[in-house]
Amino acid sequence: MSTLKETVKPDQTLDVRGMGCPMPLLKAKKAVETIGGGQVLEVLGTDPGSKSDFSSWAEKTGNEYLGYTEEAGHFKHYLRKKQ
Amino acid sequence: MATIDPQIQQYVDQRVQEALKSAGLVAGAPPRRNRMAIVASKGSLDMAYMPMILGSTAGAMDMEVAIFFTFYGLQIIHKTGNKHLQVPSIGNPAMKRGAMVVPSIVGVLPGMTAMATMMMKSWMAKEKVPSIPELLEMCQEAGVKILACQMSMDVMGIKKEDLIDGVECVGAGTYLGYASEAAVTLFI
């Protein structure tokens, strides 16, 4: 399934598969710091809690959570860094 | 209608805008409170994860965070003690995993604390959750303020050198001063 409104082309990919809370969020935050404003980070993960965590993080920090796709318990999340 | 001096009108408008702004009623109002204050009072491994996970996550969410370590909670920031935190095997009827239930009476047997600790560490490793010292480092990296309760240190004979670097030793007043401005306050 997918909650993405459009196809997104990631600028960077981060793999946090197998990691539990709080690592996906902490790692994603660090990775977002390394990309440019407006660029998109793709996060590969398996923690189902990350969906709402990323959305809440984005809202709090002014970045954008574009959504995720899911295939057999594997998630791809897309975060767009604020300008 | 009497005309108002434009300068007076401008002054009145400006004051009204300022008042609305400080009341948080218009855009450009002061930022909403973005601070979390946690009291960490427990020194067992299971109770050490919560302040560490919430603290590091809040740091990543650009929140301002302070954790006040008091009483047994000081063990979490103890240089050597925090590598040997344990899970109590008694007084926890919720201790089970899947179908495996540990009867309360078994908890008092010798070696059960070590076993409970080992079990929790293995679950955490399986989920790739970092250790307490690692989480602590992440908290500090994220700018989380580490406050140690001076009174607890005195009572328990813990010196500042025994604690990790970057700790501020303070009293209840400091914590409350900080917490009174926080949107989130937790006692763990």
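These figures come from a predicted structure and were not determined experimentally.

Draft legend 1. Local environment of the overall build of chain A. Within chain A, the secondary structure is distributed over two helices and four strands. Put simply, chain A runs from its N terminus to its C terminus through helices and strands in the order β-α-β-α-β-β. Scaling as 2.2 N^0.38, a compact globule of 83 residues should have a C-alpha radius of gyration of about 12 Å, and chain A matches this with 11 Å. Projected onto its principal axes, the C-alpha coordinates of chain A cover approximately 35 × 25 × 20 Å. With 83 residues in all, chain A has 36% of them scored as buried.

Draft legend 2. Region of the structure containing the overall build of chain B. Each helix and strand in chain B was counted, giving six helices and seven strands. Along chain B, helices and strands appear, N-terminal first, in the series α-β-α-β-β-β-α-α-β-α-β-α-β. Its C-alpha atoms give chain B a radius of gyration of 24 Å, clearly above 16 Å, the size a compact globule of 188 residues would have. The principal-axis extents of the C-alpha atoms in chain B amount to approximately 90 × 40 × 25 Å. If you take every contact in chain B between residues at least 6 apart in sequence, the share linking residues at least 24 apart comes to 74%.

Draft legend 3. The arrangement of the environment of Arg17 of chain A in detail. All names here are of chain A. With respect to the secondary-structure elements, Arg17 resides in the loop between β1 (12-15) and α1 (23-34). Arg17 sits in the partly exposed class, given 14 other C-beta atoms within 10 Å. Distance in space between the C-alpha atoms of Arg17 and His74 is 7.9 Å, their sequence separation being 57 residues. Contacts of Arg17, omitting those with residues within four sequence positions, involve Leu44, Gly45 and Thr46.

Draft legend 4. Looking closely at the sheet that holds strand β2 (residues 64-69) of chain B. Residues and elements named next belong to chain B. Here five strands make up an open sheet; going across it, the order is β6-β5-β2-β1-β7 and the pairing parallel. Each end of this open sheet is capped by a strand with a single partner; those strands are β6 (167-170) and β7 (184-187). Here the strands of the sheet are splayed against their neighbours by 20° on average, with no regard to which way each runs. Bridge analysis of strand β5 (residues 145-149) against β6 gives four bridges, and the strand direction is parallel. Residue pairing across strands places Cys149 opposite Val170, the latter belonging to β6.

Draft legend 5. The packing of helix α2 (residues 45-60) of chain B against helix α4 (residues 132-141) of chain B, seen in detail. Residue and element names in this part refer to chain B. Running from N to C, α2 and α4 point in directions that differ by 30°, and their axes come no closer than 8 Å. The angle between the axes of α2 and α4 places the two elements in the roughly parallel class. As α2 runs across α4, the sense of the crossing is left-handed. Side by side, α2 and α4 meet where Ala48, Met52, Ile53, Gly55, Ser56 and Gly59 of the first sit next to Ile132, Leu135, Leu136, Met138 and Cys139 of the second. Grouping the amino acids of the contact of α2 with α4 by side-chain chemistry returns eight nonpolar, three polar and no charged.

Draft legend 6. Highlighting helix α1 (residues 6-22) of chain B. For α1 of chain B, with 17 residues, the first-to-last C-alpha span of 24 Å sits near the 24 Å given by 1.5 Å per residue. Little of α1 of chain B is tucked away: zero of the 17 residues are buried.

Draft legend 7. The arrangement of the sheet that holds strand β4 (residues 74-80) of chain A in detail. Residue and element names in this part refer to chain A. Read from one edge of the open sheet, four strands run β1-β2-β4-β3, paired in mixed fashion. The open sheet is flanked by β1 and β3 (64-71), the only strands paired with a single partner. Ignoring strand direction, the axes of neighbouring strands in this sheet form an average angle of 20°. Alignment of β1 against strand β2 (residues 40-45), held across four bridges, turns out to be parallel. From the neighbouring strand, Leu14 faces β2, where its bridge partner is Val43. Strands β1, β2 and β4 of the sheet are contacted by α1, whose axis makes an angle of about 155° with β2.

Draft legend 8. View of the interface of chain A and chain B. Across the contact, twelve residues belong to chain A and eleven residues belong to chain B. Within the residue set of the side of chain A that touches chain B, elements represented by two or more residues are α1 and α2 (50-61) of chain A. Looking at the side of chain A that touches chain B element by element, the count peaks at four residues for α1 of chain A. Each residue belonging to the side of chain A that touches chain B can be placed in one class, and the counts come to seven nonpolar, three polar and two charged.

Draft legend 9. Up close: the nonpolar core. Of all hydrophobic cores here, the largest spans 60 residues; its most connected members are Leu79 of chain A together with Ile67, Phe68 and Phe69 of chain B. Sort the elements by how many residues they give to this core and α2 of chain B lands first, with eight residues. If near-sequence neighbours (up to four positions away) are discounted, Leu79 of chain A is found in contact with Ala28, Val32, Val40, Leu41, Val43, Phe54, Ala58, Asn63, Tyr65 and Leu66 of chain A.

Thresholds, definitions, all that
- Residues numbered from 1 in each chain as written.
- Chains lettered and ligands numbered in written order.
- Predicted model: local features only at pLDDT ≥ 70, side-chain atom pairs only at ≥ 80, totals over all residues.
- Helix = DSSP H or I, 4+ residues; strand = E, 2+ residues; numbered from the N terminus.
- Rg over C-alpha atoms; globule rule 2.2 N^0.38 Å.
- Buried ≥ 20, exposed ≤ 12 C-beta atoms within 10 Å, placed from the backbone.
- Contact = placed C-beta atoms within 7 Å.
- Pairing = 2+ DSSP bridges.
- Axes fitted to C-alpha atoms, helices over the stretch in contact; angles between N-to-C directions.
- Parallel < 35°, antiparallel > 145°, perpendicular 65-115°, else oblique.
- Left-handed = near helix turned anticlockwise from the far one by under 90°.
- Nonpolar A, V, L, I, M, F, W, Y, C, P; charged D, E, K, R; others polar.
- Expected span 1.5 Å × (residues − 1).
- Core = buried A, V, L, I, M, F, W, Y, C linked by C-beta atoms within 7 Å.

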